[in-house]
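# What the coordinates show
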Amino acid sequence: MPKPVVLIAEELSPATVDALGPDFDIRHVDGTDRPALLAALAEASAVLIRSATQMDAEAIAAASALKVIARAGVGLDNVDVPAATTAGVMVVNAPTSNVISAAELAIAHLLSLARHVPDANASMKAGEWKRSKYTGVELYEKTVGVVGLGRIGVLVAQRLAAFGVELIAYDPYVPPARAQQLGVTLVTLDELMQRSDFITIHIPKTPETTNLISRAQFALAKPSLRIVNASRGGIIDEDALREALATGRIAGAGLDVFVHEPPVGSPLLDLPTIQLTPHLGASTDEAQEKAGVSVAKSVRLALDGELVPDAVNVAGGVIDPSVRPGIPLMEKLGQVFAALADASFASIDVEVRGEIVAHDVNVLKLAALKGIFSRISSEQVSYVNAPLLAEQRGVAVRLLTDAASEEYRNLLTIRGSLSDGTQLSVSGTLVGAKQVQKIVEINGYDVEVPMAEHFIVMIYTDRPGIVAIYGKAFGEASINIAGMQIARRTAGGQALSVLTVDSRVPDDLLERLRTAIDASVMREITVVEQ
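Attention in this report is confined to the structure presented alongside it.

Cut-offs used in this document
Residues numbered from 1 in each chain as written. Predicted model: local features only at pLDDT ≥ 70, side-chain atom pairs only at ≥ 80, totals over all residues. Heavy atoms only, no water. Phe/Tyr/Trp six-rings, centres within 6.5 Å; stacked < 30°, edge-to-face > 60°. Helix = DSSP H or I, 4+ residues; strand = E, 2+ residues; numbered from the N terminus. Buried < 20%, exposed > 50% of the residue type's maximum accessible area, 1.4 Å probe, protein only. Core = buried A, V, L, I, M, F, W, Y, C linked by side-chain atoms within 4.5 Å. Contact = heavy atoms within 4.5 Å. Arc of directions from axis to C-beta. Pairing = 2+ DSSP bridges. Axes fitted to C-alpha atoms, helices over the stretch in contact; angles between N-to-C directions. 1 Å grid on protein atoms, 1.4 Å probe; cavity = no way out; pocket = protein on both sides within 12 Å on 5 of 7 lines; lining within 4 Å. Points joined across faces, edges and corners; volume = space filled by probe spheres on them. Nonpolar A, V, L, I, M, F, W, Y, C, P; charged D, E, K, R; others polar. Salt bridge = Lys/Arg side-chain N within 4 Å of Asp/Glu carboxyl O.

Turning our attention to the packing of aromatic side chains. Summed over the entire model, instances satisfying the criterion amount to 3 aromatic pairs. Aromatic pair Y173 and F345: ring centres 6.2 Å apart, planes at 25°, arrangement stacked. Of this pair, Y173 sits in the loop between β7 (166–170) and α8 (176–181) while F345 is found in strand β13 (residues 345–354), placing the two residues 172 residues apart along the sequence. By relative accessible area, which is 18% here, Y173 ends up buried. Centroid distance F337 to F345: 5.4 Å. Interplanar angle 20°. Geometry classified as stacked.

Laid out in structure tokens, this is it:
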């Protein structure tokens, strides 16, 4: 029998090749040479890449024997994950390979800001000796705010503790008991902005966290604040940051990530109180080595048909064809569920009803958890680590099955209790021969809304004229309403309105609408393919 072909499309360490072992026909190609790549993919069972090789739909279609795409790193911007999933190709990466490197870079930025290291270095190399100009500040006894207590945020907090700082953090999904174990006090974002002398950011970029720190937050800050973002570009509003630095509203900033990379022509480049690095979070010898070895091990597991811990799009093991269509629906329901939550989770029940419970549906629980934690964790979330993330947060998780489903052939539900005592639920189903994904229940309100990219969810007191108010507001803002459904339990009681729209809605417009209709819930939800 010929050995499976493993194609290496970019330069990887010798340790990566060693980790693959002797059981494969290892071939090399320049992944940036498109014709050569497409030709080489024709016989490949697996391909190993870094960031330069584009594994898009065309490349995946050219690889009829392909079983796994392995990205030796964390980001997957150069991999069309939905196309790979449709083709039944597993995508793996190395989500933990850079965590220490990223944490250490954030610390380096904080210390460099405190002591003006880049400017002092440049001054010395220019032949100057200006000791008084570069007088800095100590971290000792300062208040450091950590935005996001995921794996990297925790590593940063643990290292900062040795400097004798007061640690506070904003992470609405971390239980207070977990923060207390870390010696960190949980606060609101506004309080963190008000109290911090230094801030370091370690959260995923989602629609909810984009421009999380903007003009309103900088208006609360101390003039001595120094802020670092080595997480994802766009969490800090770059225009607001430039304004805050240019006017002296804050003292300094360190960025390793940007909305557009490279940030050619950015007005941030010319500010004297900002220090910049070109996305170096994973750029250490150790992180690169770990990434290569990690994905090589994943390739071995995938081609042997075993469970792959770092698979981002499919679970290990055999999944019945009748269960498989529910996986992407459950992941999206998880995203909606997380977006509707206003507090950390205490418990989560994943309920599966209908004829599919005759098969192994445990993968649907994993898909739900993956969808939930992909919205709230700074780590790459997989089918294997999602239950661990729940366990680390003290969240009890159950899978409940029932062959009876009164209204739908199969019904998938995520139901949870939040730490503030509130209950939350969202249900979905697949309809028709084309298996159209629909949301059919939110918090006990019956709806039937096709799954979409952009949702607006509102809860308000049912009364005449409400639809006219938000319809007019969206029209004036050139936001097209693609679909709408209103559900209520009693006339004049609470009503839930679900809208699908063609584009994101500005936060200030949502806030104005919340006030105008006196809504108890006004939430925008963006659902992404994973």
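Another point: the nonpolar core. If you look at the biggest cluster of nonpolar residues, it comprises 55 residues, and the most contacted ones within it are M330, F345 and L364. When neighbours within four sequence positions are excluded, M330 is seen to be in contact with V350, E351, V352, L364, A367, A368, L412, T413 and I414.

Here the focus is helix α16 (residues 466–476). I466, Y470, A473 and F474 are the residues of α16 that are buried. Here the buried residues of α16 occupy an arc of 95° about the axis, which is enough to place them on one side. Facing away from the buried side of α16 by over 90 degrees, the exposed positions are A468, K472, G475 and E476. Among the structural elements, β19 (454–461), β20 (481–488), β21 (494–501) and α17 (507–517) are those in contact with the buried residues of α16. Phi turns positive, to about 60°, at S478, one or two residues after α16.

Here we have 5 strands laid out as an open sheet, ordered β2-β1-β3-β4-β5, and parallel in their pairing. In the strand order of this sheet, the two ends are held by β2 (25–28) and β5 (90–92), each with one partner. Neighbour-to-neighbour, the strand axes of the sheet open up by a mean angle of 20°, direction not taken into account. Inspection of the sheet shows strand β1 (residues 5–8) paired to β2 by 4 bridges, in the parallel sense. Counted as the bridge partner of L7 is R27 from β2.

In this structure, the second largest pocket spans a volume of roughly 1,100 Å³. As for the second largest pocket, its lining consists of 35 residues, and the residues nearest its centre are Y170, E208, T209, L212 and R523. For the lining of the second largest pocket, the secondary-structure elements that each account for two or more residues are α10 (215–218), α13 (326–340), α17 and β22 (521–526).

A few words now on empty space enclosed by the protein. Per the stated rule, a full pass over the model turns up 1 cavity of 30 Å³ or more. By volume, the largest cavity is sized at about 30 Å³. Forming the walls of the largest cavity are G148, L149, G150, D171, H202, P204, I376, S377, S378 and R393. Taken together, the residues of the lining of the largest cavity break down into 3 nonpolar, 5 polar and 2 charged.

Quick look at the pattern of salt bridges now. Summed over the entire model, instances satisfying the criterion amount to 23 salt bridges. For the salt bridge of D462 with R488, the shortest nitrogen-to-oxygen distance reads 2.5 Å. On the criterion of sequence distance, the pair formed by D462 in the loop between β19 and α16 and R488 in strand β20 is long-range, its members being 26 residues apart. Its relative accessible area of 18% is what places D462 among the buried residues. We note a salt bridge from E511 to R514, for which the minimum N-O separation is 3.5 Å. Of this pair, E511 and R514 both sit in helix α17, 3 residues apart, which is roughly one turn of that helix. In the salt-bridge network here, residues are joined through shared partners; they are D25, R27 and E43.

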